[in-house]
Amino acid sequence: MWAKPPFTVIRAEASGTFGLVGLEGRGETLIDGEWREVKAGEICLLPAFAPTGIRAANKKVWSFAWVRYEESRETSPILSSSSPVIHAGSVHALNHAIAGLHVEATREPPEPAMLHHWVELIHGFVRRAARPYQGDDRLWRVWEAVEKDLVRSWKLKDLAEIGCLSPEHLRRLCQQQLGRSPIQQVTYLRMRRAVQYLTTTHEKVETVAQAVGYENPFAFSNAFKRWTGRRPSDYRDEA
């Protein structure tokens, strides 16, 4: 793709992992409610089942290639629950594989065997780019359970039981893979869902607070500001 402002795509809940390779110029991706730069030569991976977005960053043409997955909550996706990642990688290899698939798909008629080979190449490059950041399946089960019941008052012991881990082991894994404690990750998931509600619905802030596990709207507002830098109402207005 080639894009210039005001090109913007935002998904309230991505249906699967999204991989993007920056080729020329620069764009931005939505990470934890903030826009972060993606430069040429970088691979950006956006997690499944989370609010995600991309946009052109300046007047210069932004050139990039992308692949979007359809994934199920019943199995562990390529990238989930943790924050999106941006890093230098095999940009040209993945770009050529995507271009190859595009060329073959527009042939008349396309050859199924060739389509399969190109898809397998793309999938291999995406998995390689995600490998250092893929979470432990046990953690994925924990965060899936939390996302399904954000209203619950989660304790470290409850989280550890779901993952079949000791509380201390769960704490270490979270710190290693996510850079935050298990309880901080629960708060992160609540704030992520709150962002989704604030930007896609007209529900009152009090209603959003209750939906993500806060009985006290003032406690929710304070927590939201700590994580995003803005009050819920201000965040909604800016969005």
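Novice: Explain the packing of aromatic side chains to me, please; I cannot follow it from the model alone.
Specialist: To describe a pair of aromatic rings, you give the distance between the ring centres and the angle between the ring planes. What the rule picks out here adds up to seven aromatic pairs. Ring centres 5.8 Å apart and planes at 15 degrees place the aromatic pair Phe18 and Trp66 in the stacked group. With Phe18 in strand β3 (residues 18-24) and Trp66 in strand β8 (residues 62-68), this pair connects stretches of sequence that are 48 residues apart. An aromatic cluster is present here, built from Tyr214, Phe220, Phe224 and Tyr235 joined pairwise through their rings. One cation-aromatic arrangement involves Arg152 over Trp154; the distance from NZ or CZ to the ring centre is 4.1 Å. Taking NZ or CZ as reference, Arg190 lies 5.9 Å from the ring centre of Tyr214, over its face.

Novice: Sorry, what's going on with the side chain of Asn95 here?
Specialist: Among the structural elements, Asn95 can be located in helix α1 (residues 91-105). Taking relative accessible area as the criterion, Asn95 reaches 16% and is therefore assigned buried. If we skip the residues at most four places from it in the chain, Asn95 touches Val21, Leu23 and Ala65.

Novice: What's the story with helix α5 (residues 167-178) in this structure? I'm lost.
Specialist: An α-helix turns once every 3.6 residues. As a result, residues three or four positions apart point the same way. Over its 12 residues, α5 extends 16 Å from the first C-alpha to the last, a length consistent with the 16 Å expected when each residue adds 1.5 Å. When we look at burial in α5, the residues that qualify are Leu170, Leu173, Cys174 and Leu178. One face of α5 carries all of its buried residues, which in axial projection span an arc of 100 degrees. Buried-residue contacts for α5 involve α3 (137-148), α4 (156-162) and α6 (182-200). Immediately downstream of α5, the backbone of Gly179 shows phi near 75 degrees, a positive value.

Novice: Before we go on, may I ask you to explain the pattern of salt bridges in this structure?
Specialist: Pairs can form between side chains of opposite charge once their charged atoms are near each other. The final tally for this structure, using the stated rule, is 11 salt bridges. The partner of Arg107 in a salt bridge is Glu111, with the nearest N and O atoms 3.8 Å apart. Taking the relative accessible area as the measure of exposure, Arg107 reaches 40% and is therefore partly exposed. Residue class for Glu111 comes out partly exposed when judged on its relative accessible area of 40%. In this structure, Glu147 and Arg192 form a salt bridge, with 2.5 Å as the shortest nitrogen-oxygen distance. Of the two residues, Glu147 sits in helix α3 while Arg192 sits in helix α6, which places them 45 residues apart along the sequence.

Novice: Please explain the nonpolar core as it appears in this structure.
Specialist: Nonpolar side chains in soluble globular proteins tend to be buried together. Core analysis: the largest hydrophobic core is formed by 18 residues, its most contacted members being Val21, Ile43, Leu45, Leu94, Ile122 and Val126. Contributing elements (two or more residues each) for this core: β6 (42-46), β8, α1 and α2 (112-130). Per-element tally for this core: the top contributor is α2, with five residues. With residues near it in sequence (within four places) discarded, Leu94 still touches Val21, Ile122, Phe125 and Val126. Judged by nonpolar contacts, the second largest core, of 16 residues, contains Leu139, Trp154, Leu173 and Val186.

Novice: What's the story with the sheet that holds strand β1 (residues 2-3) in this structure? I'm lost.
Specialist: Either a parallel or an antiparallel arrangement is found when strands of a sheet pair, and the pairing is made through backbone hydrogen bonds. Across the sheet, five strands lie side by side as β1-β8-β3-β6-β9; this open sheet has antiparallel pairing. Edge positions in the sheet fall to β1 and β9 (85-88), since each of these pairs with one other strand and no more. The pairing of β6 with β9 spans four bridges and is classified as antiparallel. By the bridge assignment, Ile43 is partnered in β9 with His87. Relative to the sheet, α1 contacts β3, β6 and β8, its axis offset from that of β3 by approximately 105 degrees.

Calculation rules
- Residues numbered from 1 in each chain as written.
- Predicted model: local features only at pLDDT ≥ 70, side-chain atom pairs only at ≥ 80, totals over all residues.
- Heavy atoms only, no water.
- Phe/Tyr/Trp six-rings, centres within 6.5 Å; stacked < 30°, edge-to-face > 60°.
- Helix = DSSP H or I, 4+ residues; strand = E, 2+ residues; numbered from the N terminus.
- Lys NZ or Arg CZ within 6 Å of the ring centre and 35° of its normal.
- Buried < 20%, exposed > 50% of the residue type's maximum accessible area, 1.4 Å probe, protein only.
- Contact = heavy atoms within 4.5 Å.
- Expected span 1.5 Å × (residues − 1).
- Arc of directions from axis to C-beta.
- Salt bridge = Lys/Arg side-chain N within 4 Å of Asp/Glu carboxyl O.
- Core = buried A, V, L, I, M, F, W, Y, C linked by side-chain atoms within 4.5 Å.
- Pairing = 2+ DSSP bridges.
- Axes fitted to C-alpha atoms, helices over the stretch in contact; angles between N-to-C directions.

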